[in-house]
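Coordinates in review
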Amino acid sequence: MGLQVENLTIYYQTLRGDVRALENATFKIDGGEIMGLAGESGCGKTTLGHSLIFLAPPMKYVSGRVTLHDAEVPIWDMEKMNEFRFREISIIPQYAMNAMNPIRKIGKMTEELLRAKKVDFKAILPELKRRLDLVKLPHEVLDMYPIELSGGMKQRMVMVLSTLLNPSLLIADEITSALDVASQKAVAEMLVEFRDQECCNSALVITHDISILYQIADSILIMYAGQLAEKASTETIIHSPRHPYTKLLISSLPEIGVKYSEKQLTGIPGKPPLLLDPPTGCRFRDRCPVAFAKCAEVPPFVEIERDHFVACWKETGPDA
Amino acid sequence: MLKLVEATKIYRVGTFGGRELHAVSGVSFEVKDGEVVSLIGESGSGKSTIGKMILRLVSMSGGTISLDGTDVSTLKGESLKEYYRKVQGVFQDPFSSYNPIFKADRIFQVIHDEFYPAVDAQVWNEKVEKTLKDVGLNPEQVLNKFPHQLSGGQLQRFLIARALLLDIKFLVADEIISMLDASTRIDVLNLLADLKKRGLSILFITHDLSLANYISERAVILYRGCVAEMGVTEKIFQSPRHPYTQMLMASVPRLDQKWDQRINVESRSAPAGHPDGCVYFDRCPLAFEKCRQRPVPVEIESDHFVACWKVSEAHA
């Protein structure tokens, strides 16, 4: 059940060749699970999220299979995907602040949106109002223009819209990054509330902020340079990661209570490879403190413990 | 020592500038030599405006800013140039701080031509290379490149190196970490801390509380242009007293504990605060009649100031 992704490979077409933004991604999200997807900018996390709902050029489908509740999702077919978008798979986009039509009242815009999906606005209105209560927005917002709402309110309104038809999978792309800490907490907690109230079945939360994921996600998937690095339960990723990249990433995060004068944190030397012509083998090899000869081959993403997947020869190879 | 006394900035907004926006109202604090002070606030709290006032990039509507006793706003011509020898800023977006059609190291040449025309080119180049090494860059790898050939972290260090070439005493660092990736941002932060050891004072402007806690000795919490709480970083982070600071601390996502679900961070729909009252009035769970007047910061323990009537009444 839930979402199953197998060997998904997505490239970007450019004049200088294909940018290999996502290669051989295989993972699943169980029903009712909130999975966090984290990594540095350019690691392919947004590509992964968008390819599941709107695979538009320059994005190019190369290979792979996606199933949702055991039904095939034709992500490569823009037309056929219309049946899935909004109903089965929905997204809260990164630009949620500007996602609403500025010259339409929000209620009117919602009505038009639903008509395009052949849903009766009047019939769904009581449920819409209940959802507004859930995110603590007054019903009057339906008679307001987007400009009259604050950033946090717009974000919540878009959350309500995205989940109105109870999608099986909700993709939340960097929904907290433009907000101040207080609104961040409110929005993140509402996402959990939506899952609990079954407004969406499972969720994929894309962010670069791992500490937010620790608060709300059930499991975390870490990506590096277009490849999956590690996936495990939230507790495991934070407290006992196995992939060297995850370890270094977690240890470089300053936390409340850590001071330079007492404990000096270190970053990861070097920078991610360019994906236009990525190095062969493990892409973290050049920055990895424990790399060895075997790392010239691509490490497989294997389950080393129950629900704990790692792509690293040190953890999975013969001398692990 | 840099000292702000009742610094105020009022913008005229609306059609024909009919309304006033108080971006910064009566902010006073000081940054001692060799000290890192964090200026913390959410978007719109006036933190960047304060940085820009110190750098003389926006004019002041009231109050004074002085460096070692000299009023900054009176500086003109040569004396203003002398001021920029001592005080420099680095900003959030390293990519737009450069002219893309020139090589990135042109910024060092500009400093040479403007401030040190008498220095021999050879000597200057050696000084540039030494400074680049100081900020953790390899000169051979980064010189003679265009901005698009360098990473965000490298460009940000270039700007810090540029500031260091001037032998500055005071650096305004306005959100310099937020555009950088997690794996490289901590290195830039450590660099700032190293510079502090060499006697540089830094005003570290940020919205990220954990970064502020990591690097600074003292912190100033701003809300809507007013100081809510300020003092020694540990005291503010471990025992926040202002209701706004308490709410902030409870909302920071941490890796060692989960959010406390009981603390409600929603804004409360209360009657709008009095224009001269406490700026936190309409969101404050503790607000009472006296909060219709603007609270003054009170020192509740040594080097810990709180601007809240409830706290100062309990203290008195």
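Summarised in this report is the structure supplied together with it. (Residues numbered from 1 in each chain as written. Chains lettered and ligands numbered in written order. Predicted model: local features only at pLDDT ≥ 70, side-chain atom pairs only at ≥ 80, totals over all residues.)

**Observations concerning the overall build of chain B**
Note the threshold: Helix numbering and strand numbering both begin at the N terminus, where a helix is a DSSP run of H or I of at least 4 residues and a strand a DSSP run of E of at least 2. Atoms considered for the radius of gyration are the C-alpha atoms alone. The globule rule reads 2.2 Å times the number of residues to the power 0.38. We call two residues in contact whenever the C-beta atoms placed from their backbones are within 7 Å.
In terms of helices and strands, chain B carries 11 helices and 12 strands. Whereas a compact globule of 316 residues would reach a radius of gyration of roughly 20 Å, chain B reaches 21 Å, a difference of no more than 12%. Here the C-alpha coordinates of chain B stretch approximately 70 × 45 × 40 Å along the principal axes. By sequence separation, contacts in chain B at least 24 residues apart represent 63% of the contacts at least 6 residues apart.

**Observations concerning the environment of Phe108 of chain B**
Residue and element names in this part refer to chain B. Structurally, Phe108 is set in helix H3 (residues 106-115). Taking the C-alpha atoms as reference points, Phe108 and Ala163, separated by 55 residues in sequence, lie 9.4 Å from one another. Once residues lying within four places of it in the same chain are set aside, the contact partners of Phe108 are Val128, Arg162 and Leu165.

**As for the sheet that holds strand E6 (residues 87-90) of chain B**
All names here are of chain B. To keep it simple, the criterion reads: Strands are labelled as partners when DSSP assigns at least two bridges between them. Each axis is a line fitted through C-alpha atoms, taken for helices only over the stretch in contact, and angles between the N-to-C directions span 0 to 180 degrees.
Within the open sheet, the 8 strands sit side by side as E6-E7-E8-E3-E9-E10-E12-E11. Their pairing is mixed. Single-partner strands in this sheet number two, and they are E6 and strand E11 (298-301). Looking at each pair of strands side by side, their axes are set apart by 20° on average, direction ignored. The sheet contact formed by strand E9 (residues 218-223) and strand E10 (residues 226-232) spans 6 bridges and is antiparallel.

**Some details on the sheet that holds strand E6 (residues 89-92) of chain A**
Backbone hydrogen bonds hold the strands of a sheet together, and the pairing may be parallel or antiparallel. All names here are of chain A. Read from one edge of the open sheet, 8 strands run E6-E7-E8-E3-E9-E10-E12-E11, paired in mixed fashion. Edge positions in the sheet fall to E6 and strand E11 (302-305), since each of these pairs with one other strand and no more. Here the strands of the sheet are splayed against their neighbours by 25° on average, with no regard to which way each runs. Pairing of strand E3 (residues 34-38) with strand E9 (residues 219-224) involves 4 bridges; the strand directions are parallel. Note on E9: the bridge partner recorded for Ala38 is Ile222.

**Here's the deal with unusual backbone geometry**
All names here are of chain A. Operational definition: Backbone-placed C-beta atoms define the burial measure: a residue is buried with 20 or more other C-beta atoms within 10 Å of its own, exposed with 12 or fewer, and partly exposed in between.
Cis geometry marks the peptide bond from Pro57 to Pro58, where omega comes out at 10°. Examined against the element boundaries, Pro58 turns out to sit in the loop between helix H1 (45-51) and strand E4 (59-68). A positive phi angle, near 70°, is found at Asp70, a position not held by glycine. With respect to the helices, strands and loops of the structure, Asp70 is situated in the loop between E4 and strand E5 (71-72). Residue classification places Asp70 among the exposed residues on the basis of 8 C-beta atoms within 10 Å.

**Looking at the pairing of E9 of chain B**
Residue and element names in this part refer to chain B. Extensive coverage of E9 is indicated by the burial of 6 of its 6 residues. Where strand E3 (residues 36-40) meets E9, 4 bridges bridge the pair, whose relative direction is parallel. Bridging across to E9, Ser38 finds its partner in Ala219. Hairpin connection of E9 to E10: 2 residues between the antiparallel strands, including Arg224 at a positive phi of 45°.

**Considerations on the packing of H3 of chain B against helix H6 (residues 152-165) of chain B**
All names here are of chain B. Note the following rule: Here the word oblique covers every angle except those under 35 degrees (roughly parallel), over 145 (roughly antiparallel) and from 65 to 115 (roughly perpendicular). Take the far helix as the reference: if the near one is turned anticlockwise from it by less than a right angle, the crossing is left-handed, and if turned clockwise, right-handed. Under the scheme applied here, ten amino acids are nonpolar (Ala, Val, Leu, Ile, Met, Phe, Trp, Tyr, Cys and Pro), four are charged (Asp, Glu, Lys and Arg), and all others, including Gly, are polar.
Interhelical geometry of H3 versus H6 gives an angle of 15° and a closest axis separation of 10 Å. Compared by their axis directions, H3 and H6 come out roughly parallel. The handedness of the crossing between H3 and H6 comes out as right-handed. Touching Ile107, Phe108 and Ile111 of H3 are Phe158, Arg162 and Leu165, all from H6. For the contact of H3 with H6, a count of residues per class yields 5 nonpolar, no polar and 1 charged.

**Describing the packing of helix H5 (residues 181-196) of chain A against helix H10 (residues 243-251) of chain B**
Where H5 of chain A contacts H10 of chain B, the axes come no closer than 8 Å and their chain directions differ by 45°. Put simply, H5 of chain A runs oblique to H10 of chain B. Read as a crossing pair, H5 of chain A and H10 of chain B show a hand that is left-handed. Between H5 of chain A and H10 of chain B, the contacting residues are Val181, Ala182, Gln184 and Lys185 of chain A on the first element and Met247, Leu248 and Ser251 of chain B on the second. A per-class count over the contact of H5 of chain A with H10 of chain B returns 4 nonpolar, 2 polar and 1 charged.

**Some words on the pairing of strand E1 (residues 2-13) of chain B**
Residues and elements named next belong to chain B. In the sheet, E1 pairs with strand E2 (residues 19-31) via 9 bridges, with the strands oriented antiparallel. Looking at the pairing, Ile10 lines up with His22 of E2. With 5 bridges connecting them, E1 and strand E4 (residues 62-67) associate as antiparallel partners. Along E4, the bridge assignment pairs Leu4 with Ile65.

**Side note on helix H1 (residues 47-54) of chain B**
Residues spaced three or four apart along an α-helix point in a common direction, a consequence of the helix completing one turn every 3.6 residues. For H1 of chain B, the tally of buried residues reaches 7 of 8 residues, placing the bulk of the element in the interior. Immediately downstream of H1 of chain B, the backbone of Arg56 of chain B shows phi near 60°, a positive value.

**Focus on the interface of chain B and chain A**
Contacts between the two partners involve 31 residues from chain B, matched on the other side by 33 residues from chain A. Going through the elements one at a time, helix H7 (182-197), helix H8 (209-215) and H10 of chain B are the ones with two or more residues in the side of chain B that touches chain A. Sorting elements by how many residues they give to the side of chain B that touches chain A places H7 of chain B first, with 7 residues. Of the residues belonging to the side of chain B that touches chain A, the class tally is 15 nonpolar, 9 polar and 7 charged.

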